[in-house]
There are 2 protein chains.
Amino acid sequence: MLSNSSKYAIKGVLYLALNSNESHKIMVRDIFEVVHVPEAYLAKLLQELSRHGIISSVRGPKGGFYLSEDDRKRTLMDIVRVIDGEKRVHSCVMGMRNCDMDNPCVLHKLVGANKSKFINVLENTTILDLVEGKQNIEEFFPL
Amino acid sequence: MLSNSSKYAIKGVLYLALNSNESHKIMVRDIFEVVHVPEAYLAKLLQELSRHGIISSVRGPKGGFYLSEDDRKRTLMDIVRVIDGEKRVHSCVMGMRNCDMDNPCVLHKLVGANKSKFINVLENTTILDLVEGKQNIEEFFPL
DNA sequence: CATAAAAAGGATAAAAATATCTTTTAATCT
DNA sequence: AGATTAAAAGATATTTTTATCCTTTTTATG
């Protein structure tokens, strides 16, 4: 429903949201220990997000990853979509054939409603919401 | 959150609930095609459930798997617990350290509520509920 | 222009999940 | 008892996910 990779990616982006901006970019080297994700693996994930325009990056000295103002308007689902793919997220809880949102099976009715809510949260929560929101920033840690 | 193996197991048990009883046992051979799970794999899963007393089975001729009356009172969570383990189900959505139901992180607050509901459904829905309930039996298919 | 910094990319490795095959054990029926 | 049937158990194979390593490309700066 939500892969480790996606969780890692969200953690990384969260860190960027809290610590980076256009004039202060951050290297993977400075993130991976804080969010407890292997350096090379996190790099891969962030590169993937950058390639899909979900986050920003520049190469070379003084380079690194960061979130632009627009990037911050991205939703959690944007991240998950890139890392896990649309398919995984929307696949039927029961893996039933001929069963999806529109034509749900019984288990869909039982658990699907909650899954849908889960998806709604992912779709409606932006990075900005998380960071600027009413949330106590301290609660994010430890990532 | 819910492995394929668990889904397979639930499907298998559902089939047993609909088609078996103490005096009419069913062989894996007769289930696997209907529920679209590889024969040997489904066998493993059902054996595991049987070993943990979630479903019933007898060996030899006229043998097979079946659900006793008591078996039918088992919840979906009983199945998931055996196949996926307690840990997987209750693990933090974000994989945060120091984060669980009692001491939730921010993402917990966002998506955790729905996850908890999801878990509640699994914990409060018995096989019997699914089969005898108000549900139209046809809706289960195709498994 | 040279150099160093940093992401990007490709190839590989390790671990976990999924799946299959083979042998053993138990029950039933001649 | 012996043959047969079916689950149980054990060993092995495949695939997917997760993770690492190493090289290449880009870019800023002295």
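Computed from a prediction, not measured in an experiment: that's the story for all the values here. (Residues numbered from 1 in each chain as written. Chains lettered and ligands numbered in written order. Predicted model: local features only at pLDDT ≥ 70, side-chain atom pairs only at ≥ 80, totals over all residues. Heavy atoms only, no water.)

J.: Residue-level account of the overall build of chain A, with values.
T.: In terms of helices and strands, chain A carries 7 helices and 2 strands. Its helices and strands taken in sequence order, chain A reads α-α-α-β-β-α-α-α-α from the N to the C terminus. The buried share of chain A, reckoned over its 143 residues, is 52%. Considering only contacts within chain A whose residues lie at least 6 apart along the sequence, 64% involve residues at least 24 apart. (Helix = DSSP H or I, 4+ residues; strand = E, 2+ residues; numbered from the N terminus. Buried < 20%, exposed > 50% of the residue type's maximum accessible area, 1.4 Å probe, protein only. Contact = heavy atoms within 4.5 Å.)

J.: Give me the protein's contact with DNA strand D: which residues, what numbers.
T.: The environment of DNA strand D is formed by 27 residues, the closest being Pro38 and Arg59 of chain A together with Lys44, Ser57 and Arg59 of chain B. Sugar and phosphate atoms form 67% of the subset of DNA strand D atoms that lie within 4 Å of the protein. One of the side-chain nitrogen or oxygen atoms of Arg59 of chain B is found 2.6 Å away from a sugar or linking oxygen of DNA strand D. At a separation of 3.1 Å, a sugar or linking oxygen of DNA strand D approaches a polar backbone atom of Gly60 of chain B. When residues of the surface near DNA strand D are traced back to their parent elements, those giving at least two are helix H1 (4-19) and helix H3 (39-51) of chain A together with helix H2 (28-35), helix H3 (39-51), strand E1 (56-58) and strand E2 (64-66) of chain B. (Near = heavy atom within 4 Å. Polar contact = N/O pair within 3.5 Å; in protein donor to acceptor, adjacent residues only side chain to side chain.)

J.: I'd love a proper account of the packing of aromatic side chains, names of residues and values included.
T.: A full pass over the atoms with the stated rule returns 2 aromatic pairs over all chains. Centroid distance Tyr8 of chain A to Tyr41 of chain A: 5.9 Å. Interplanar angle 90 degrees. Geometry classified as edge-to-face. With Tyr8 of chain A in helix H1 and Tyr41 of chain A in helix H3, the pair connects residues that are 33 residues apart, well separated along the chain. What makes Tyr8 of chain A partly exposed here is its relative accessible area of 23%. Across from the ring centre of Tyr66 of chain B, 5.4 Å away, lies the NZ or CZ of Lys25 of chain B, which sits over that ring. (Phe/Tyr/Trp six-rings, centres within 6.5 Å; stacked < 30°, edge-to-face > 60°. Lys NZ or Arg CZ within 6 Å of the ring centre and 35° of its normal.)

J.: Lay out the pattern of salt bridges with the relevant residues and their values.
T.: Pairing is possible between side chains that carry opposite charge, provided their charged atoms lie close to one another. For the structure shown, the criterion picks out 11 salt bridges over all chains. Between Lys73 of chain A and Asp70 of chain A there is a salt bridge, with the nearest N and O atoms lying 3.5 Å from each other. Judged by relative accessible area, Lys73 of chain A falls into the exposed class, the value being 54%. Here Arg81 of chain B ties to Asp78 of chain B by a salt bridge, and the two come within 3.6 Å at their closest N and O atoms. Remark: Asp78 of chain B and Arg81 of chain B occur in helix H4 (residues 76-84); sequence separation between them is 3 residues, near one turn of the helix. Beyond isolated ion pairs, a larger network of salt bridges with shared partners links Arg74, Asp78, Arg81 and Glu86 of chain A. (Salt bridge = Lys/Arg side-chain N within 4 Å of Asp/Glu carboxyl O.)

J.: Talk me through the protein's contact with DNA strand C; I want residue IDs and the actual numbers.
T.: In the vicinity of DNA strand C, 28 residues are found, and the nearest of them are Met27, Lys44, Gln47 and Arg59 of chain A together with Pro38 of chain B. With respect to DNA strand C, the side chain of Tyr8 of chain B contributes an N or O atom lying 3.4 Å from a phosphate oxygen. Within the side chain of Arg59 of chain B, one N or O atom sits 3.1 Å away from a base oxygen of DNA strand C. Broken down by secondary-structure element, the contributors of at least two residues to the surface near DNA strand C are helix H2 (28-35), H3, strand E1 (56-58) and strand E2 (64-66) of chain A together with helix H1 (4-19) and H3 of chain B. When residues of the surface near DNA strand C are assigned to their parent elements, the largest contribution, 4 residues, is made by H3 of chain A. For the surface near DNA strand C, the per-class residue count stands at 11 nonpolar, 10 polar and 7 charged. (Nonpolar A, V, L, I, M, F, W, Y, C, P; charged D, E, K, R; others polar.)

J.: Give me the environment of Asp70 of chain B: which residues, what numbers.
T.: All names here are of chain B. On the secondary structure map, Asp70 appears in the loop between E2 and H4. Note on Asp70: relative accessible area 54%, which makes it exposed. In the structure, Asp70 is positioned 14 residues away from Ser56 in sequence and 9.8 Å away in space, judged by C-alpha atoms.

J.: An account of the nonpolar core is requested, with residue identities and associated values reported.
T.: Grouped together as the largest cluster of nonpolar side chains are 74 residues, with contacts concentrated most on Leu49, Ile55 and Ile79 of chain A together with Leu49, Ile55 and Ile79 of chain B. The residues touching Leu49 of chain A, leaving out its near neighbours within four places in the chain, are Ala9, Val13, Ile54, Ile55, Ile79, Val82 and Ile83 of chain A. (Core = buried A, V, L, I, M, F, W, Y, C linked by side-chain atoms within 4.5 Å.)

J.: Could you give me a rundown of the packing of H2 of chain A against H3 of chain A, with the residues and numbers involved?
T.: Residues and elements named next belong to chain A. Two elements in contact, H2 and H3, have axes whose closest approach is 9 Å; the angle formed by their N-to-C orientations is 110 degrees. The orientation of H2 with respect to H3, classified from their angle, is roughly perpendicular. For H2 against H3, the interelement crossing comes out right-handed. Mapping the contact onto sequence places Val28, Arg29, Ile31, Phe32 and Val35 in H2 and Glu39, Leu42, Ala43 and Leu46 in H3. (Axes fitted to C-alpha atoms, helices over the stretch in contact; angles between N-to-C directions. Parallel < 35°, antiparallel > 145°, perpendicular 65-115°, else oblique. Left-handed = near helix turned anticlockwise from the far one by under 90°.)

J.: Which residues make up H1 of chain A, and what values do they have?
T.: Residue and element names in this part refer to chain A. Between its terminal C-alpha atoms H1 stretches 22 Å, which fits the 22 Å expected from 16 residues at 1.5 Å a residue. The buried fraction of H1 amounts to 12 of the 16 residues, a majority that puts the element mostly inside the structure. Among the residues of H1, Ser5, Ser6, Lys7, Ala9, Ile10, Lys11, Gly12, Val13, Leu14, Tyr15, Leu16 and Ala17 are the ones counted as buried. (Expected span 1.5 Å × (residues − 1).)

J.: Quick rundown of unusual backbone geometry? Include the residues and the values.
T.: Residue and element names in this part refer to chain A. One non-glycine residue, His36, lies in the positive phi region at around 60 degrees. The topology assignment puts His36 in the loop between H2 and H3. By relative accessible area, which is 33% here, His36 ends up partly exposed. Even without a glycine there, the phi angle at Lys62 is positive, about 65 degrees. By secondary structure assignment, the location of Lys62 is in the loop between E1 and E2.

Honestly, it's all geometry; don't read function into it.
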